[in-house]
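# Reading the structure
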Amino acid sequence: MIQAVMVMSTQGKPRLLKFYSYQPPEKHQDLVRGVFQLLSARPDSVSNFVKVDAIFGPGAKLVYKHLATLYFVFVFDSSENELAVLDLVQVFVETLDRCFKNVCELDIVFNFNKLHTILDEMILGGQVIETSSEQIMRSVEEIARLEKQSNTTSLIPKSISERFSR
Amino acid sequence: MEQLRTIGRELAMGSQGGWGQSKEFLDLVKSIGEARSKAEEDRIISRELDHLKRRLADPDVPRRKMKELLLRLVYAEMLGHDASFGHIHAVKMTHDESLPLKRTGYLAVSLFLDERHDLVILVVNTIQKDLRSDNYLVVCAALTAACRLIGEEAIPAVLPQVVELLAHPKEAVRKKAVMALHRFYQRSPSSVSHLVSNFRKRLCDNDPGVMGATLCPLYDLILEDPNSYKDLVVSFVNILKQVAERRLPTSYDYHQMPAPFIQIKLLKILAVLGSGDKQASGNMYMVLGDIFRKGDTASNIGNAILYECICCISSIFPNAKMLDAAAETTSKFLKSDSHNLKYMGIDALGRLIKINPDIAEEHQLAVIDCLEDPDDTLKRKTFELLYKMTKSTNVEVIVDRMIEYMINITDHHYKTEIASRCVELAEQFAPSNQWFIQTMNKVFEHAGDLVNIRVAHNLMRLIAEGFGEEDEGADSQLRSSAVDSYLRIVGEPKLPSSFLQIICWVLGEYGTADGKYSASYIIGKLYDVAEAHPTDDTVRAYAISAILKIFAFEIALGRKIDMLPEIDRNLSFLNGYVQQAFENGAAPYIPESERSGVVSVGNYKAQDQQETSAHALRFEAYELPPAASQASISPTTDLVPVPEPSYYKEDHQMSRSQPSGDSLSGEFGLKLRLDGVQKKWGRPAYSSSSTPSSSTSSQQATNGGVSSEVGGSTSSQARESTYGSKRQQATEVSAEKQRLAASLFGKADRKAQAGRKTAKESSSTEKVATANATPQPAKEQVIPSAPPPDLLDLGEPVSSSPPLADPFTQLEGLLGPASASPVVSETPASSTSKTPDLMSIFSDDVQTGVTSGSTEPSLGVNVVAAKKGPSLQDALQKDAAARQVGVTPTGNNPILFKDLLG
């Protein structure tokens, strides 16, 4: 099971946090800090796997990918295959790239809700449900299209629409 | 330039507002990015939060704006700020009929809340309604939120709809419904157990995505109860075959691999189903062989599948051909340059050696490389492998390696783990007790605070008990070597508390036992310990009782030691406490001699007291009793309250305060020692000291002299002998202790002598047991004198006591096949010949494979007792035999391994 997905900048700023197993909100920053310290201490050209049972509890491992100014981190337990998760990170990044055309950190900062949408298509309740980036893109685009259609109504202030709905 | 470009991009995005982000949000992100300090960032965000609080409560905000405000709130919370005031707004937004708002609401809710949150109850209703929606996106959003927010109690409320959705025309919905059901199953298996059959049905879904998603819950179910899913083996194998043969739509291809994630999941499931099941495994060999053949080692995902195949093969019923293929792939992994693949290779190797330990042999170089690798992850993984491979023949190298690594890491969590592994391996496989103690010392020195305190107690007991040998000489030799090493270490700064406790205890017990170190030297060291750790009461207590013990020994031997000048004989440090007690209304202490009505025998002191402190409460009438008590010496013996006299003495006569100290330390372990006393010295000892026990001070002084003479005479022969006998002297001579014994045990003393056994049972330490030389198995006797033959020392069969590391033994041990032991019968006499056939190691004509050939009937010989420290002779035999048969890695130049030899 995947326990968490994190995207953070190389300065240690969280860009996206999604926890699939419950973590109390006040602990989130500690987790981010712990992971960041771990990753920033690792040299380049070493393996992408780290055991993190000190941070996430027994058996927890993480796979990370360092791309430009970002770390993409997937935390999971022993039921996943490290290499496969590494490719899952790749799927995620490829999907982002398709979505934003040459994705950069700013895209991710400003559109973190879109990142959540993409992740929700890939992972649900900690289980991987979709691994084809093409398929993911299709769903995301459809969501965007349908959202745009219904967008027109939302320009009206809510007090007015509430009055209408009464 | 780069900055300009990003600014341009920001502007473009700001103006286009593609995802509804406004200039304000842009500014917020930018100002946070430019913040120079954490404080500045916090200021910016709390300003933002104030703003959001106002705006969210404002009814005139356009609804589209609401969405953005909420997203900003999510952002602020992600940065670690409390946004709980906005949670209710998120919940409200899930009610909105507009899709983007509803989705944003669900997103925010599932990020803000969890199933235990109070507000969830408000969301459940909405989820329920939305699951029935016509818009599949709404349904999807509701299902996603349900996965996160529906707790055990809420499951029945949404369960019927979720089950209905399993048949939804949209595959995205079916997929999510399967996952939601799985999630409910994880939360509360009982509430959905009747629906488990739905997962089987969904396995036949025509959409590969849904089928793939169904594998997740099935995997969990099969893990729990593989037997009820054995009928699915054939279906899983079929699916895997079809996937591997590219029957799925190409959109599921990933880097030219057909649906790799589905393949991996299937392999995981097959591994569980085939475990220990020959028939089920038989169905799998074909497809596994196919996958191996088609395996693509160039891409990452191809390797992921191959790795999963190896895992599967090592888990199912073993098949020689499959294992060969797995071993071959493993060696490819290990030879790869990629750290990731090496990591997987080590992991795979760890799985394969469980089935066939020989596999490790050919990869020894690669394994050692990984151990040397700068990559910490890889190193740890390799240690894990070594841990699995440890045997009594290689434990020394492996544990030494582990300790060396342990010293250099700072990660507490891992340090604890590796320290406890060292302890575990050392306890299980230690080749000699000497080595065990040295290893434990190292572990304690570097990670003492992280190890279970039980281990420290074990070590102390081991040193005290000896090793069950009758040969006391070996035990005392070991003790003095422990003392030596501790004296060396004790001065070092920052030793862990539990290690200091051991050190103090051992120094106290055995510090002066072999006469190498003077008592004052040891006491000085102990004093330093107590001084250096003013806050650690336990260590100080250990140190103090150790000092007292040494004094007791010295007194017992009739030596006079100078008390450390630092000791405050007037107990002035208690003045404050006393003063405070007075202020609180405590009555001042009245010396016993001055109390009315109490005729104490202790008032032989009264003469001294009278001059100094007794004016206030003295009455002439009481002059008489002292004389009386002096007159009647012997009859009062048994009535003497023991501690008081000793207490007085501490004040007045320094040299005699030691016995009192001993009686103090006696509180911890004294009973036992008295047992010993009675046993060996029995009545004479008892009677000799019974006389002085209640005499006047002058009498006592002489008696002290007498007793020390006794001690001195015995000391010459008993000096280097066991602790027990020394202790006997100590107790025998120390008059205070005799009295304590008399008062504590009284007449029962003599009875106890008869029923000594019962007394021993009740005693807490086993020291006496050793002193009594209870018969113990003597098989470990050989240990210190017969280390494995040294490679460089061909002529000399026996070397000195610390077993020298033989490079070949180490290597064999580390990577040699486990079948090293069966070989013994080949050369039963090898232990006597002692000169190992070295040539056979280097001659290439000796095949490695011989091992397995020559292992026939010898099992009876080498059922080695796996007690702590198996017989070294056996190990020696094995070792020599193994070499003659050529088990040692044949083609490898030993110099390559010099890193392993330190």
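Keep in mind the model is a prediction, meaning the values are calculated, not measured.

With that settled, consider the overall build of chain B. Helices and strands together make up the secondary structure of chain B, namely 47 helices and 2 strands. Evaluated residue by residue, chain B yields a buried proportion of 45% over its 902 residues. Taking as baseline every contact in chain B between residues at least 6 positions apart, the subset at least 24 positions apart corresponds to 72%.

All names here are of chain A. With 5 of 6 residues buried, strand β2 (residues 14-19) is to be regarded as a mostly interior element. Here 5 bridges tie strand β1 (residues 2-9) to β2, and the two strands are oriented antiparallel to one another. Considered in β2, the bridge of Ala-4 is made with Phe-19. Counting the residues in the hairpin turn of β1 and β2 gives 4 residues, including Gly-12, whose phi is positive at 90°.

So, about the environment of Leu-526 of chain B. All names here are of chain B. Mapping Leu-526 onto the fold places it in helix α29 (residues 519-532). Leu-526 sits in the buried class, given 25 other C-beta atoms within 10 Å. Placed 20 residues apart in sequence, Leu-526 and Ala-546 show a C-alpha to C-alpha distance of 7.5 Å. The contact partners of Leu-526, leaving out residues within four places of it in the chain, are Cys-504, Leu-507, Ala-543, Ala-546 and Ile-547.

This part covers the packing of helix α18 (residues 320-335) of chain B against helix α19 (residues 339-352) of chain B. A pair of packed helices is characterised by two quantities: the angle between their axes and the separation of those axes. All names here are of chain B. At a minimum axis distance of 7 Å, the contact between α18 and α19 shows a crossing angle of 145°. For the crossing formed where α18 meets α19, the hand is left-handed. Here α18 contributes Ala-326, Ala-327, Thr-330, Phe-333 and Leu-334 to the contact with α19, which in turn contributes Leu-341, Lys-342, Met-344, Gly-345, Ala-348, Leu-349 and Leu-352. When grouped by side-chain class, the residues that make up the contact of α18 with α19 number 9 nonpolar, 2 polar and 1 charged.

Attention now moves to the confidence of the model for chain B. Residue and element names in this part refer to chain B. Predicted confidence across chain B gives a mean pLDDT of 70, with 62% of residues reaching 70 or more. Long-range and interchain partners of residues 599-606, a stretch whose pLDDT sits below 50, account for 25 contacts in this model, where long-range means more than four residues apart. Throughout residues 627-733 the model reports pLDDT below 50, and contacts reaching past four residues in sequence, or to other chains, amount to 177 contacts. Scoring the predicted complex yields pTM 0.63 and, for the interface, ipTM 0.88.

Time to look at the nonpolar core. In summary, soluble globular proteins display a tendency toward joint burial of nonpolar side chains. Residues and elements named next belong to chain B. Of all hydrophobic cores here, the largest spans 240 residues; its most connected members are Cys-422 and Cys-504. With 12 residues, helix α30 (residues 537-556) is the single largest residue contributor to this core. If sequence neighbours within four positions are ignored, Cys-422 has contacts with Val-399, Met-402, Ile-403, Met-406, Thr-439 and Val-443.

All names here are of chain A. Both strand β3 (residues 49-51) and strand β4 (residues 61-67) contribute to a ladder of 3 bridges, which runs antiparallel. From the neighbouring strand, Phe-49 faces β4, where its bridge partner is Val-63. Sheet analysis places β4 next to strand β5 (residues 70-76), joined by 7 bridges and oriented antiparallel. Looking across to β5, one finds that Tyr-64 is bridged to Val-73. Between β4 and β5, which follow one another and run antiparallel, lie 2 residues, and Ala-68 among them has a positive phi close to 50°.

Thresholds, definitions, all that
Residues numbered from 1 in each chain as written. Chains lettered and ligands numbered in written order. Predicted model: local features only at pLDDT ≥ 70, side-chain atom pairs only at ≥ 80, totals over all residues. Helix = DSSP H or I, 4+ residues; strand = E, 2+ residues; numbered from the N terminus. Buried ≥ 20, exposed ≤ 12 C-beta atoms within 10 Å, placed from the backbone. Contact = placed C-beta atoms within 7 Å. Pairing = 2+ DSSP bridges. Axes fitted to C-alpha atoms, helices over the stretch in contact; angles between N-to-C directions. Left-handed = near helix turned anticlockwise from the far one by under 90°. Nonpolar A, V, L, I, M, F, W, Y, C, P; charged D, E, K, R; others polar. pLDDT = per-residue confidence, 0-100. Core = buried A, V, L, I, M, F, W, Y, C linked by C-beta atoms within 7 Å.

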